[in-house]
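Reading the structure
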Amino acid sequence: MSFNGSPVQGVLCDITGVLAESSSESDGVVVPGSIEAINRLFEAGIKVKFVTNESARTRASLHAKLTRLGFTINIEDILTPSLAMVVLLKEQKLRPHLLVHKNVMEDFRGVETEDPNCVVLGDAVDEFSYVNLNTAFQVLLKSSSTQLFSLGKGKFYKEDSGLSLDVGPFTAALEFASERKAVICGKPDKTFFHAGLTALGLEAEKVVMVGDDIVSDVGGAQAAGIRGVQVRTGKFRPSDENHPLVKPDLIVDNLKGLVDTILK
Amino acid sequence: MARKISALMLDLSGTVHVDDCLLPGVKEALALLTDSSVPVQFVTNNSKDSMGSLVDKLGKAGLKVQTDSVFTSLTAAHDLVTRDQLRPLLLLEDSAAQQFSGLAMDSPNCVLVGLSPSSFHYEKLNQAFQLVVGGARLVAVNKSRYYKRGSELALGTGAFVAGLEFSGDCQAEVVGKPSKTFFDLAVARYGGVPAGEVLMVGDDVRDDVIGSSVEVTEEYPGNRWMLQGPSRQGCRGAWSGLASTGRGMRTSLMLSLTLCSTACWIWPSMWWPGLCRS
């Protein structure tokens, strides 16, 4: 099992845009061939972890959705930014001011939030009001060392037939106003990919990352020493075939196309 | 070598007035300019106040100005929209949006962002983003990081422009001072006067002087610029020096400004051919 001559013992697989296309109304639409592709990887003994920058749902809710769509995966195989963030907050003994989607608040249960000394931004969608963003800004103004964390820094995601703002622009807004850089907990941050390798128990050279976001998924993986594969589903745009910054190790029509290549 | 000055642009806050106080000598200087038929525009980045309330504020301080002699960053935005025939989605508060009433805004091909807390929420920003990513021009009234609101600093226009630039992978065109666009559009209002014949006077070295590309170090005989360090004397009667020249005196008209807030002196002295008496 290999491609480009190197063995593949593990796959880090993006969820939205690879397993299924997103939708605001329903669970979404399965990308043709994805369910069988994942099953074939398991049957071939290849380890798979599902890494997502999804910060508007808990791992449990994501798992339930994928199960309803027909996928058979273990809940522990899903890695989200909020779960990685909670570990980081506890390690650094930080008390966050949270501006995240209400659905992921339960991931932060048990984390002290009184008298916050940092700000955590997630894909809060309609919670991104001027009042809420300004309140977060006031926390940052407490001191120049008050850290801003962001659960991923995606520019936008594809939903139904249109593009919608992700958390990234709001992080950029607070970075600009407070004159500091956010620490990103999520793709394309190396820490997040290393967490994936740790979960797989494999070295970077033996792993392949597959995603639809050329900068966040493919570029981020390559920066962490992992081969990056771009799919032509999800938020892929034709201009990605010749991206000025990122040259994927492989471009395939969809996840099935990658698995066909690996198992050839 | 005389340098012809055909028109003037004056900054407002810190140059003509400080809060509700007109700086000493301003009235006399402006009267002199009016008598000499030198057109004056008051240029300011203030876009929070509507034109009407800005004129009222100056009126209360003792300065009567015509609405069309005040050129704000919103005026610049309006002139850009009409010059380039843009149809904007406005992210402006109602009072500022009034300046754009009557313009075509269906099928927008432009997003215009000003200081507008009531627009800075997910739904409206998403609407703006979708236009930008579809090719609409992103125009910003200014890019300030924050502004003073009561006792706190609140997120400014610039933060949300930075967000749209990030997601739209683009750079906004800023129309406020010190952008070249601002000064180009202000000069255009003089209808044909070359930029080299327009003098910009202000208290902010970055926004007013460098922005308008006025030479601060070049020396012309009888036409000197001096930029000195901070003065402790605050508001002095520098304008009174102007008043005392009167019309009967020859050679130069001294236009000098004392800048309370930045305490920075700029002394230009110029030749005004129209005022010279031999």
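What you see is a predicted model; the values in this text were computed from it and never measured. (Residues numbered from 1 in each chain as written. Chains lettered and ligands numbered in written order. Predicted model: local features only at pLDDT ≥ 70, side-chain atom pairs only at ≥ 80, totals over all residues. Heavy atoms only, no water.)

**Structural notes on helix α3 (residues 73–83) of chain B**
Residue and element names in this part refer to chain B. Counting buried positions along α3 gives 8 out of 11 residues, so the element sits mostly inside the fold. For α3, the N-terminal cap is T72; the gap from its side-chain oxygen to the backbone nitrogen of L74 is 3.1 Å. Phi for Q85, located one or two positions after α3, is positive at around 50°. (Buried < 20%, exposed > 50% of the residue type's maximum accessible area, 1.4 Å probe, protein only. Helix = DSSP H or I, 4+ residues; strand = E, 2+ residues; numbered from the N terminus. Polar contact = N/O pair within 3.5 Å; in protein donor to acceptor, adjacent residues only side chain to side chain.)

**What to know about the nonpolar core**
Within soluble globular proteins, side chains that are nonpolar tend to cluster in buried spots. Counting 44 residues, the largest nonpolar core has F128 of chain A together with L155 of chain B as the members making the most contacts within it. For this core, the leading source of residues is helix α4 (residues 130–141) of chain A, giving 6 residues. Non-local contacts of F128 of chain A, meaning those with residues more than four positions away in its chain, are made with L99, L121, G122, D123, L133, V167 and F170 of chain A together with F120, H121 and Y122 of chain B. (Core = buried A, V, L, I, M, F, W, Y, C linked by side-chain atoms within 4.5 Å. Contact = heavy atoms within 4.5 Å.)

**Notes on the state of the cysteines**
A complete count under the given rule lists 0 disulfides over all chains for this structure. In this structure C118 of chain A is a free cysteine whose sulfur lies 11 Å from that of C185 of chain A, the closest cysteine sulfur available. (Disulfide = S-S within 2.5 Å.)

**Structural notes on the interface of chain A and chain B**
Across the boundary between the two partners, chain A contributes 28 residues, which contact 27 residues of chain B. Carbon and sulfur atoms make up 65% of the surface buried where chain A meets chain B, a total of about 2,400 Å² over both sides. By the criterion of area lost to chain B, the three top residues of chain A are Y130, L165 and F176 of chain A, representing 33% of everything that side buries. Linking chain A with chain B are 2 salt bridges, by the criterion used here. Ionic pairing is found between E179 of chain A and R145 of chain B, a salt bridge with its closest N-O pair at 3.8 Å. The interface formed by chain A and chain B includes 13 residue pairs in polar contact (both at pLDDT 80 or more). Of all elements in the fold, only α4, β11 (156–159), β12 (162–165) and α5 (168–178) of chain A reach the threshold of two or more residues within the side of chain A that touches chain B. Here the side of chain A that touches chain B takes 8 residues from α5 of chain A, the largest share from any one element. (Buried area = accessible area lost by both parts, 1.4 Å probe. Salt bridge = Lys/Arg side-chain N within 4 Å of Asp/Glu carboxyl O.)

**Structural notes on empty space enclosed by the protein**
If a probe the size of a water molecule is rolled over the atoms, the empty space left behind becomes visible. Across all of its chains, the model carries 4 cavities of 30 Å³ or more by this definition. Space inside the second largest cavity adds up to approximately 40 Å³. In terms of lining residues, the second largest cavity is bounded by L165, P169 and F170 of chain A together with L125, F160, G163 and L164 of chain B. Mapped onto the lining of the second largest cavity, the elements with two or more residues apiece are α5 of chain A together with α6 (157–168) of chain B. A total of 3 residues in the lining of the second largest cavity trace back to one element, the largest contributor, which is α6 of chain B. Taken together, the residues that form the lining of the second largest cavity break down as 6 nonpolar, 1 polar and no charged. (1 Å grid on protein atoms, 1.4 Å probe; cavity = no way out; pocket = protein on both sides within 12 Å on 5 of 7 lines; lining within 4 Å. Points joined across faces, edges and corners; volume = space filled by probe spheres on them. Nonpolar A, V, L, I, M, F, W, Y, C, P; charged D, E, K, R; others polar.)

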